[in-house]
Structure formats: structure tokens, C-alpha cells
Amino acid sequence: MKDDDQELTGLAPRHRAVLAYLLLHARAVLTADQLIDAVWGLTPPDTARSQIQAAITAIRRVLREAGVAQQLSTRSGGYVIEPEWLDLEEFTSQVAAVPKAADDPDAVQRIREALRLWRGQPLADVAADYVESSRARLEQRRLAAVERLADIELSLGRHEELIDELSAHVAAHPLRERLAGQLMLALHRAGRQADALSVARSLRESLVEQQGLDPGRAFVALEQAILRDDPSLQVQAREEPVREPGRPANFLPYDIPDFAGRAAELERIAGPRSGMTIVAIDGMAGIGKTALAIHAAHRLAERYPDGQLFVDLQAHTAGHEPVEAGAALETLLRQLGVPAERIPASDAARSALWRAELAARRAVIVLDNAADTDHVRPLLPGASDSLVLVTSRRRLVDLDGARALSVEVLTARDGEALFTSIVGERAKAEPNAVLDVLQLCGFLPLAVRIAAARLHHRPRWTVAYLADRLRDKRRRLAELSTPDRGVAAAFTLSYEHLDAAERRMFRLLGVHPGRDIDTHAAAALAGVSADDAETLLEELLDAHVLAQHQPGRYTFHDLLREHARATAAAEESDEARHDAVTRLLDHYRSTAATAMALVYPFGGLRRPVIPETESQAAPLREAAEAGAWLAAERANLVAAGSRAADGDWPLHAGQLATIVHPYLDGHAHHADAITLHTKALDAARRQGDPAAEARALLDLAWVYWRQGRYEKSYETCRPALELCLESGDRLGASRAHNTSGNVRLRQHSYDEAERHLTQALELSREIGNRVGEAYTLSNLGVAHERQGRYPQALDHLRRALRLHREFGNRNGEAQALDLLGHVHQRQGQHAQARDHHRQALELYRELGNRGDEAAPLNGLGEAARLAGDPEPATAYHDQALAIARELGNRPEEARAHEGLARIHRDRGRLDLARDHAKQALELYTGLDVPEAGQIAAFIAELE
């Protein structure tokens, strides 16, 4: 409403509805009754007139604050608004000023400038009775201008440039015959007759489904002409007008009105600069590189008054060879107004003329869809103050002097804005479903646009229904396509531009079960050397069919991963895919074994014998490097084990689960452990392998014990013990007795616990399992401590500590120290208790073993409380509580709550004591342990 486009804020929704209606009828006097009818229709409320008066008052207030109060006035019988400038009026006058017979670029520029005044959906944030009909009328006016523009562009032979633009309009307005006809003509002229006829079929289906009608005569005539390839449909030859020297030329394609986000990228493009600037915009197919470049060029047009030029180099255009430098230079020179007779024949001479023409100009030039650096180098200006925006699916790493701008997927906020701008009110009603759709589209702009367009012209669909359709991975890429474009088609073009070795690597990466991959795993997958694998991965990264979120690790965009899997299924034989997965599983199994031997050097008896294979393990030399590899590959190891179990690799599944069990246990990755061991168990049972079945059961039983699921742990141990006894597996039997003894300890069944643990100790000594012997001694020490036999407890725990230190098991050492702290605590030796707990905590932290940190922290808290030191006691229990909650360690979480309850009781904070005690009671009750009765009695005392 003002020349400086000042935004008016502070209006309620009803006030905005009144203001919008006044603006739609600018310079006309509207009565209160007319405003009431417009806002509420046939059923206005009793307070309608007072609400209109309140709205006028509010509008006057914000206009006064903006310094334009004079634009709204009261006349006899009503109100009138007379803005200094109104975009709707400007649009109407600009379109009307274009002569009816206009068929030159100036007409195109005028209409495009008019269309740029449209920003999103008309009346998007207005709710009133008049909105639907007014919006339809405004949309009709806009579409009429779009269709007029398309007619002019088609007459100028710009059918190639129009296809994407018209496709978007047809997707948004599937019943509009004229738009569909223009798209059909553009496709036909581009040599895509089948696609043109597909558009016709879609229109017919939509008309029948939604209106029960057939297309009009003009449309049918065009369809028939396309079927018989009528020569009259081709663009008529015409002499392109010679532009007057110095007259600005604007050949930029349509700037889509629903462009969303990219604020940071636009800022980088528009940032301060001097002299010629080249910005190389790269990114994967469908990421929105062209849209960004065109939008930026339109925004910066005023800075570059000597022309806005555009050429599509067609490096990734279906059915077309890339445009050669000479042809591109001819197009650019003609856009500058250079007559045909002045354009030289040789490429070198054209390039020189191009540089000379731009030397004294400030122009913005979009070189879209480049293949590589060599493709665009002849098109670059020399000494000039121009801006060159180059888009390419490849990183143009050797384009000297260029500013690289890699475009990533949309943020959640920008994706939501784009989706909503296309879909409208339905999107606002289902925000969670919108986020689901965006995630399933991988926040890829092309995918989001297609999904939104499908929803837009299917009024019976909800956003949630669309999300459900997209969840089916087998159909997702098919859902994200239209007759004229699609995500899979865009990916296919990128794939076809790779060389044979790169295509094979791309396909085989599609059979990888995990989320990312390193060089050595990729080498195993493809059966090539690590150096060759790295070269191929880097080429795929530069081609934007792979991404890299951290050095040395490569991943797919979600939709590209689906495309790679489909491509592998289509182009690789079953045998080739099976062999690739086998090599990958061999690699993960052997590297995991190497890593575990470095991190857990004392676990040799449990580690399976790995057969030699052609796949090489990753070169790991020390424990820290091995630990880093395990942390980076954990998700892949779980995915690989699951894939092995579900497929033809049961041995790999069982061995991989057994190998990584200590790592998953020590780092409290219990959910991953259950997934992996359950898969291994299923595979062993299908294979009829009782030894592998027993190992999987024992590993599962221990995870259940960690989670406090004691009866499930015990019941899982029973069949495992039977299998071990039947097969003579004394190592497995000792593990079963040890886990069962630990369960009974937690349940305070000390005699039964001692029987199990004694048998575990005897078996460990028989087979020379000194690691198992040490752990079992520690557990027997706990049994003695719980029964008040402190000398025996100390003896067992000290022997365990010596053994762990002897063979370097620092994790076992930490456990023994923590348990010794308990014995000292029970004997009232609080200083010694705290010292042992502190040593245990330090060891766990050095090892990165967060899963066990909560136990010594709780021990420190208990010892401090008993020593009359409540402040540090509270701090220790708080830390233990945080870690236990984070890792799902319910026994230590309950213990922390109990400790805090007792501290607060001692300090007279009875409300806090009751709160923590009740939380402890809930946890102990869920664990089904005797501590529940003890804490219940404590709560009763507090009452």
C-alpha cells in the first residue's frame, strides 16, 4: 500500500478479512451491510455491525502508525480505501499494456514482471465468506496471464524452456484445458510425443472423474494433430528481432511464485563483490539448483541493468545431447542483441566476441545444467562486472576463481513452507502428517513439489493418506512422479552420466544394508582395492549421487538409496548381488573380530574362529582406533547382522552377534544387542544349529539381566543351559550358571544364587577360563556380602581383582573395585568404600563405559550419606540418576531414587523424600525385587 512496501502488523484475523475486502474493491465506497455480507454471508452474528466498526477502527490505527492513515476514509454511506500503490492494480495495468499481437521478448518480459507481483496463494491468511469466490477470480486472472505468456513463448520457439514451468501449472490445475494443451504442444515440439499424449490422457481422466465431462473441440483437435504429427504444429520460422544496442535484455525463465527458503544461499550469491563473479551452484538431482539460480537472478536484476541472460546447457536433459559451446555462445550473443550476420562461425571467435560484448556491461548470466568445467569455461566473460551463475550436478572443483555453493536439502521449516504454499489449508490442518511427508521425501525440493502437487488436485486425499502411500518403499519413487517429470527420472539421468565403474559402485552400494559406508567396506562390497574404492566414492560424491556428512564416510540421500537398490535389482544378477553382500559380511565380521581383539584382548575363549576369506579387514592397529571403528560402524554391524540372518548367511549372523556382544554390553547399547541376538537366534533355529542357538540365548539372557528383566533372563538361560549340557559346551554352561546366579542375587535368593555361581566357577576352572573365573569370583563375593559373610566376600573379591589385573581386564577390575566398596560400606568403613568406588568410576570413564558408571556413582552417594556428608551424596546420586535414565538402567535408577529419598529424609525434606521414594517403589515393583517391600515400608514411615 506504500512505495516502500511497509508491512502492516497488529491486525486480528477478522480485521485482516475486512481490510482485504476493501483492497479488493479499492476506490469504491462499501457500506457496512456490504462488508457484513462479504465476511459472514447469509448467517452474520448479532454483533456483526459492531465487529465491522471495530475492524475499521483497528485498520485506521495500524494505517496511522504506518503514516498512511489518509488512505482509508469514511464517505456518505460507507468506507473507501485509496492506496497509493496496489499490486493487483499494477498487475492488471501491466498485462493490459501488452499489445494483443505481441510476440517478442519484450512482451514476455512485461508479463513476467507482472506475474512476479504474485506471492503465494491469494488471500492465504484470510478467513471469510467471500474468500473462496474471490480467490478463484484472482487465480483465474493469474492463469489467464500465464496462458498468454505461454502462447508468446511458444510462438518464439521456447518450448524446451517452458516444459517444467507448464508441468507445474498443469499439476496444480489438472482441469485447465488450455494449459494442458500448451504443455502438450511444448512436449511435442521437443520430440516427446508420448509424453504429450500422456498429458492428454491425464486431462481426460481428471475431467471424467471430477466433472463427468469430455475435453472441448480445440483440445481434441490438438490431440489429433499430435497423433498424426501435423507439420503445422511446429514453430513457424521467424527472424528474431535485433535488439537496440544498450537496451536491457531479460531472458530469464519464470520465477516460481512459491519459491521457499534458501535464505543463506541467496545471501551468499548476493553478497558484496567487485568485478566479475562466478558462483558454481552444485547439488544432487532435484535439489533446486536451477530454481535457486533463476530466483537469485531475478532478485538481483536491478544490480545488473545491462541484461539478464539464460541458457540451458542440457547436460542432464532426457533425449538431448549437451549444448556445445558454439551453440550456447550464439544463443547468448543473440540475447544481447548481436545480429546473426555479426556472429562468427568459429567457437574461438564467438567466445572472443562474447567477452568483448560483456566487457562494458553489467549482466547476470545463468548457465544452467552444465556437465563439467570444460562445458562452461568457453562461456565465461573476461574483464567484466557481470555475475555468472553456473548450475551443475557435479562439483566444478577446477573452475578457477569460482565461488562454490553446494545446495543441500530443505530445512524442515522451508520444506513446510513450500508444501503449504502448494497444498493450502489442508496442510495447515495436518502439521504432523506434513512433517511425515517431508521426511519421506527426504526434504528434496523436487520430491516435495511433486508430492504436494499430487495432493493438491486430489481433494479427497488427506495429507496423512499421502504419507501412508509414501511409506511403501517399493512404490515411493513411483508416487513421486508425474507424466512429465519424476524423482526417479532425474536420478536416472545422473546415473547415466557416470562411467561404467562408477555405475557399478553406485548399484552395489544399493545392496548395502546400513546407512553409511567407509572406503574399506565399499572396497569389499565391490571387490576392488581400497584405493580404487576411494577414487570411485569421491567421483560419486562430486557427481552428487553420494553425500558425506563426516570425512571418510559416505551415504545416500534416502530417495537415492531406494533408486540405487532398484537399479541394482534391475541391472545386477542375483548371483552378483549375493556375492557382493557376502564380501561385505566377510569384511564386517573379520574387522569386528580384529577390533574386539584390540579393545577386549582377554575375551579369546568366547570369540569364534573366523574362516579366511578374500575380503580384507580394515587396518586397525591400536585399541583407540578399534574403539573408534566400533563406534562408527555400530549401526552398520547391527544392520549387517540382521541382513545376514534374514538371508542366506546364518553363520555370519551368529558369529557377528557373538563377536560384538561385549562391546554392545559395555556401552549399554541394549536395544541394538536385543535386535542382533534375536536375529541370530532365529537364524540358528532355522538352520538347526544348537550351539549357535545356545550362544544367542545366553547373550540375550545377559541383556535382559542388564535391563532388570530378571525372570525373562532366567527363563532364557534354562533352554540355553540344556543345549550346552547336551552338546558338552562347558563354556556355555558356565555362562548360563553365572547369569542365573546373578538373577537370583538380584532377587535375594542367595542360596540358589550361590549354587549356580559355584557350578559356574568349577566349570570355568575346568576349561581354564580365567576371565570367567574372575567374574564368577566377584559374583560369589556379592553373595557372601549380602549374607553378612564379609571376610569371605573380601577374599573372593580380592582374588577376582588380582586375576583381572593379571590379564589386563580393566573393566573387570573396575567391577571388582566397586563391589569391594560395598563390602567396606557394609562394615562401616566409609573412607575405604569411597576410595574403591572412586577408583571404579575413574576406570569406567577411562574406558568410555557409561553403562556401568551409575553403579559406582550410587556407591559414592551411599557412602557419603552414611558418613554424614549429604551435599556430595546428593550430587553423586543425581549423576547416577541421569546416566541410568539415559541408558535405561532401571536397577541403578531405582537405587539412585532410593538414595536421594534417604538423604532428603535425613535433612527433613519429607516431600522430596516421598517423591523419590515413590519413584523408587514404582521401579522396584516393575523389577519384581524384594527392595520394593523395603521402600514401601520406608514410605509408610514418612507418612
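About the cut-offs
- Per chain, residues are indexed from 1 in the order of the written sequence.
- It should be noted that, the model being predicted, local features are given only for residues of pLDDT at least 70 and side-chain atom pairs only at 80 or more, the latter also being counted only at that level, while totals for whole chains, interfaces and linings use all residues.
- Hydrogens and waters are ignored; side-chain quantities use all the structure's heavy atoms.
- The disulfide definition used here is simple: a pair of cysteine sulfur atoms within 2.5 Å.
- To sort residues, take the accessible area from a 1.4 Å probe on protein chains only and compare it with the maximum for the residue type: under 20% means buried, over 50% means exposed, and anything in between is partly exposed.
- The rule is simple: put a 1 Å grid over the protein atoms alone, call a set of points where a 1.4 Å probe fits but cannot get out a cavity, call an open set with protein on both sides within 12 Å along at least five of seven lines a pocket, and count a residue as lining if it has an atom within 4 Å of a point.
- Grid points are joined across faces, edges and corners, and a volume is the space filled by probe spheres set on the points.
- Each helix is a run of H or I in the DSSP string that is no shorter than four residues. Each strand is a run of E no shorter than two, and both are numbered from the N terminus.
- Under the grouping applied here, Gly and all other residues not named as nonpolar or charged are polar, the nonpolar ones being Ala, Val, Leu, Ile, Met, Phe, Trp, Tyr, Cys and Pro and the charged ones Asp, Glu, Lys and Arg.
- Two strands qualify as a pair provided that DSSP identifies no fewer than 2 bridges between them.
- Throughout, an axis means a line fitted to C-alpha atoms (over the contacting stretch in the case of helices), and angles, computed between N-to-C directions, take values from 0 to 180 degrees.
- Residue contacts are defined here by distance: any two heavy atoms, one from each residue, within 4.5 Å place the two residues in contact.
- The definition of a nonpolar core used throughout is a set of buried Ala, Val, Leu, Ile, Met, Phe, Trp, Tyr and Cys residues joined through side-chain atoms within 4.5 Å.
- Whenever Lys or Arg places a side-chain nitrogen within 4 Å of a carboxyl oxygen from Asp or Glu, that contact is recorded as a salt bridge.
- Note on angle classes: values under 35 degrees are labelled roughly parallel, values over 145 roughly antiparallel, values of 65 to 115 roughly perpendicular, and the remainder oblique.
- In a left-handed crossing the near helix is turned counterclockwise from the far helix by less than a right angle, and in a right-handed crossing that turn is clockwise.
- Confidence of the predictor in every single residue is expressed as pLDDT, which spans 0 to 100.
- Under the convention used throughout, the expected extent of a helix is 1.5 Å for every residue step, that is, one less than its residue count.
- Working note: the arc is built from the helix axis to C-beta atom directions.

1. Observations concerning the state of the cysteines
- All chains considered together, the criterion is met by 0 disulfides.
- Looking at the unpaired Cys717, the closest cysteine sulfur is the one in Cys724, lying at 9.5 Å.
- Judged by relative accessible area, which is 1%, Cys717 ranks as buried.

2. What about empty space enclosed by the protein?
- Applying the stated rule across the entire model yields 2 cavities of 30 Å³ or more.
- Counted as a void, the largest cavity has a volume near 80 Å³.
- For the largest cavity, the full set of lining residues is Leu509, His512, Gly514, Arg515, Asp516, Ile517, Leu546, Tyr554, Thr555, Phe556 and Arg561.
- Mapped by element, the contributors of at least two residues to the lining of the largest cavity are strand E8 (516-518) and strand E10 (553-555).
- Looking at the lining of the largest cavity residue by residue, the class counts come to 5 nonpolar, 3 polar and 3 charged.
- Volume-wise, the second largest cavity comes out at about 30 Å³.
- In this structure, the second largest cavity is lined by Gly654, Ala657, Thr658, Ala680, Ala692, Arg695, Ala696 and Asp699.
- Elements represented by at least two residues in the lining of the second largest cavity include exactly helix H29 (650-666) and helix H31 (690-706).
- No other element matches the 4 residues that H31 contributes to the lining of the second largest cavity.
- Looking at the lining of the second largest cavity, its residues break down into 4 nonpolar, 2 polar and 2 charged.

3. Some details on the sheet that holds strand E4 (residues 308-312)
- Strands sit in the order E4-E5-E6-E3-E7 across an open sheet of 5 strands; the sheet is parallel. Two strands close off the open sheet at either side, each with one partner strand: E4 and strand E7 (403-406). Pairs of neighbouring strands in the sheet enclose a mean axial angle of 15°, with direction left out of account.
- Inspection of the sheet shows strand E3 (residues 277-282) paired to E7 by 4 bridges, in the parallel sense. For Val279, the partnering residue across the bridge sits in E7 and is Arg403.
- Running over the sheet, helix H11 (residues 263-270) touches E3, strand E6 (387-392) and E7 and is turned about 170° from E7.

4. Looking at the nonpolar core
- Membership of the largest hydrophobic core comes to 132 residues, with the highest contact counts inside it found for Ile269, Leu389, Phe419 and Val487.
- Excluding its chain neighbours within four sequence positions, the residues that come into contact with Val487 are Leu444, Leu446, Ala447, Ile450, Leu477, Leu480 and Leu559.
- Ranked by size, the runner-up nonpolar core spans 76 residues in total, among them Leu11, Tyr21, Val95 and Ile163.

5. Notes on unusual backbone geometry
- You will see that Gln314, though not glycine, has its phi angle at about 60°, which is positive.
- For Gln314, the position within the fold is in the loop between E4 and helix H13 (325-335).
- In this model, His748 sits at a positive phi of 65°, which is unusual for a non-glycine residue.
- Along the chain, His748 turns up in the loop between helix H33 (730-746) and helix H34 (750-767).

6. Quick look at the pattern of salt bridges
- Enumeration according to the criterion identifies 63 salt bridges in this entry.
- Of the charged contacts, one joins Glu806 and Arg770 as a salt bridge, the two residues approaching to 2.5 Å between their closest N and O atoms. Remark: Arg770 occurs in helix H35 (residues 770-786) and Glu806 occurs in helix H36 (residues 790-806); sequence separation between them is 36 residues.
- A relative accessible area of 52% places Glu806 in the exposed class.

7. Observations concerning the side chain of His837
- When you line up the elements, His837 lands in helix H38 (residues 830-847).
- Setting aside its immediate chain neighbours within four residues, His837 contacts Asp818, Gly821, His822, Gln825, Pro856, Gly859 and Leu860.

8. Focus on the packing of helix H40 (residues 870-887) against helix H41 (residues 890-906)
- For the pair H40 and H41, interaxial distance at closest approach is 8 Å and the crossing angle is 155°. With respect to H41, the element H40 is oriented roughly antiparallel. The way H40 lies across H41 gives a crossing that is left-handed. Residue-level inspection shows Pro870, Ala873, Thr874, His877, Asp878, Ala880, Leu881, Ala884 and Arg885 of H40 in contact with H41, the latter providing Glu892, Glu893, Ala896, His897, Gly899, Leu900 and Ile903.
- Within the contact of H40 with H41, the residues separate by chemical class into 8 nonpolar, 4 polar and 4 charged.

9. Description of the confidence of the model for the protein chain
- The share of residues in the protein chain with pLDDT of 70 or more is 95%, and the mean pLDDT across the chain is 88.
- Scored below 50 in pLDDT, residues 237-247 makes 16 contacts in the model with residues more than four places away or belonging to other chains.

10. Some points on the sheet that holds E8
- Read across the sheet, 3 strands follow the order E8-E10-E9 without closing on themselves; strand pairing throughout is antiparallel. If you trace the sheet from one side to the other, it starts and ends with E8 and strand E9 (547-550), each paired once. Between one strand and the next, the sheet's axes are offset by a mean angle of 40°, whatever the strand orientation.
- Here 3 bridges tie E8 to E10, and the two strands are oriented antiparallel to one another. When the sheet's bridge partners are listed, Asp518 is paired in E10 with Arg553.
- Contacting E8 and E10, helix H24 (residues 519-526) runs over the sheet at an angle of about 90° to E8.

11. Thoughts on the pairing of E6
- Counting buried positions over the 6 residues of E6 gives 6, a clear majority of the element.
- Here E6 shows no split at all, with Leu387, Leu389 and Thr391 on one side and Val388, Val390 and Ser392 on the other all buried.
- Direction of pairing for E3 relative to E6: parallel, over a ladder of 6 bridges. Across the sheet, the residue bridging to Thr277 is Leu387, located in E6.

12. A short note on helix H14 (residues 347-358)
- Helix length check: H14 (12 residues) gives 17 Å between terminal C-alpha atoms against 16 Å at 1.5 Å per residue, within 8%.
- Among the residues of H14, Arg350, Ser351, Leu353, Trp354, Glu357 and Leu358 are the ones counted as buried. Summarising the axial view, the buried residues of H14 lie within an arc of 165°, below the 170-degree limit, and thus occupy one face. In H14, the exposed residues that point more than 90 degrees away from the buried face are Ala348 and Ala356.

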